[in-house]
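# Tertiary structure, described
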Amino acid sequence: MRQNVNEPEEIEDINSDGEEVRRINPLLLLIFVVAVIVVIGIVMNRLKTRTFNGYKIVSENESTYDSAADYIVFSDNLLKYTTEGVSYINKNGDIVWTAGIDMNMPKAVARGDYAVVADMRGNSVCVFDREGEVSNETMPYEICDVDIARQGAFAVVLESDKTNYINLYNKLGEPVYEMQTTIDKSGYPLDITVSEDGKKLFTSYISVGAGGIQNRLAAYNFGDVGQNSNADRMVGGYMMEGETVSKLCFVDNDTVAAFGTSHIFIYSMKELPSQKAVIELDKPVRSIFYDSQMVGFVQEAQELTTGTDTDADAAGHKYKITAYRLNGNKSFEHYIDFDYENISACKGELLITGGSECLILRAKGSVKYSGILDGHIVSMVPGAGKNEYVVVYDSSTELIRLKSGANKITEEETEE
């Protein structure tokens with residue numbers, strides 16, 4: 001038996017036991033679901049854009065800062081290197097392992113769980129992973145540059161009297177490919193970058209000819225596409241008119257950022273290279289940064305308030321940060337008023353530190369943290385945990401976690 005009702009909001013049914021059961025109008029149900037989704041979206045957006053104004057110390061280790069040491073991000077933590085040794089520092093600030101080296105001018109590059117340390121103008125190259133040394137090789141000629149892929153393959157630029165070599169090796173130091181170039185023909189290689197899978201290479205060459213200084217970018221493919229192209233695996237190139245590109249980087253496996261004197265060029269290279277975007281640098285640049293989500297630069301504010309096309313907003317500030325997405329569209333601008341010493345992009349965040357001051361910006365420009373830490377910040381990188389960072393000071397290493405609240409607390413205080 002069915003009873004008819006006139007109210008549009010609800011319908012009454014009789015179940016098998018003879019009891020009346022009310023069914024919600026589908027339109028009302030839809031409105032309720034949409035409202036819940038909107039509320040969840042607002043909450044999630046606030047969580048993604050909220051500013052932390054405090055932190056707690058998760059762990060702390062005493063350490064003696066070596067002024068001759070350098071630090072780079074390695075496997076979500078830190079790699080410390082000097083002329084005498086390489087150390088892996090985990091998220092708690094503990095030194096997991098130390099390997100001895102003997103290099104006059106060490107340069108380290110890391111990607112994923114692998115790092116390479118090479119002696120510039122020397123012959124030694126060492127590859128490391130999270131467990132320690134993987135290989136240790138002696139190159140036949142002086143090393144001018146080095147880069148590494150995510151799976152441990154590394155490329156080096158070697159220089160002899162009249163010939164340059166760009167060689168690719170696997171993580172064990174076994175040769176994969178060798179390219180021989182002459183300064184007269186190709187020029188001098190300013191910089192190289194290898195893709196995450198180790199199959200693609202970008203190189204910036206500079207040469208002096210009758211028309212003056214010339215800069216050329218060359219793209220190589222060591223996979224099937226490159227093998228079918230020509231003998232030297234070159235699959236594309238670009239002549240840079242009135243430009244010198246001194247820094248190259250595969251920001252992900254298929255995208256290259258090229259930093260020139262007056263432009264940033266973004267190239268797509270799934271197999272063959274193609275220009276994706278051009279970003280103009282209309283004023284002098286103090287620093288650059290890049291990762292898989294953004295590229296950008298820092299300029300002195302004073303430079304932006306003189307001459308033509310002045311930036312009125314820069315007045316009264318020290319520096320201006322400008323970030324772009326990898327399609328060339330501007331992501332954000334931000335002004336800072338402290339003397340920064342380090343700036344780096346990692347995991348979609350921008351970390352700026354100077355003295356004890358710290359500023360963390362998200363990829364879209366919102367401030368994640370702005371404040372003062374425990375002491376002079378030597379290095380700072382994102383940790384493995386959510387909102388965690390490994391901070392190296394002059395005399396200690398801390399793992400900190402951002403929190404709401406203005407006071408700094410320790411993990412012991414939290415437990416109490």
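Here's what I pulled together on the structure shown here. (Residues numbered from 1 in each chain as written. Predicted model: local features only at pLDDT ≥ 70, side-chain atom pairs only at ≥ 80, totals over all residues. Heavy atoms only, no water.)

### A look at the overall build of the protein chain
- From N to C terminus, the protein chain includes four helices and 35 strands.
- Taking all 416 residues of the protein chain together, the buried fraction comes to 48%.
- Carbon and sulfur atoms make up 47% of the accessible area of the protein chain, which totals about 21,000 Å². (Helix = DSSP H or I, 4+ residues; strand = E, 2+ residues; numbered from the N terminus. Buried < 20%, exposed > 50% of the residue type's maximum accessible area, 1.4 Å probe, protein only. Areas by Shrake-Rupley, 256 points an atom, 1.4 Å probe, with all protein chains shown as cover.)

### Here we look at the pattern of salt bridges
- Within the structure shown, the criterion is met by 12 salt bridges.
- When the shortest N-O distance is used, the salt bridge between lysine 320 and aspartate 311 registers 2.8 Å. Aspartate 311 carries the same exposure label as lysine 320, and that label is buried.
- The closest approach of N and O atoms between lysine 330 and glutamate 333, which form a salt bridge, is 2.7 Å.
- The partly exposed category is assigned to lysine 330, whose relative accessible area is 43%.
- Taking the relative accessible area as the measure of exposure, glutamate 333 reaches 38% and is therefore partly exposed.
- What you see here is one network of salt bridges that share partners, running through Asp311, Lys320, Lys330 and Glu333. (Salt bridge = Lys/Arg side-chain N within 4 Å of Asp/Glu carboxyl O.)

### Observations regarding a nonpolar patch on the surface
- Residues Leu27, Leu28, Leu30, Ile31, Val34 and Val38 make up a contiguous nonpolar surface patch of roughly 540 Å² in combined accessible area.
- Checked against the element boundaries, leucine 30 lands in helix α1 (residues 26-49). (Patch = residues over 30% accessible without salt bridge, like charges linked within 9 Å, V, L, I, M, F, W, Y side chains within 5 Å.)

By themselves, these are just geometric observations and shouldn't be taken as functional.
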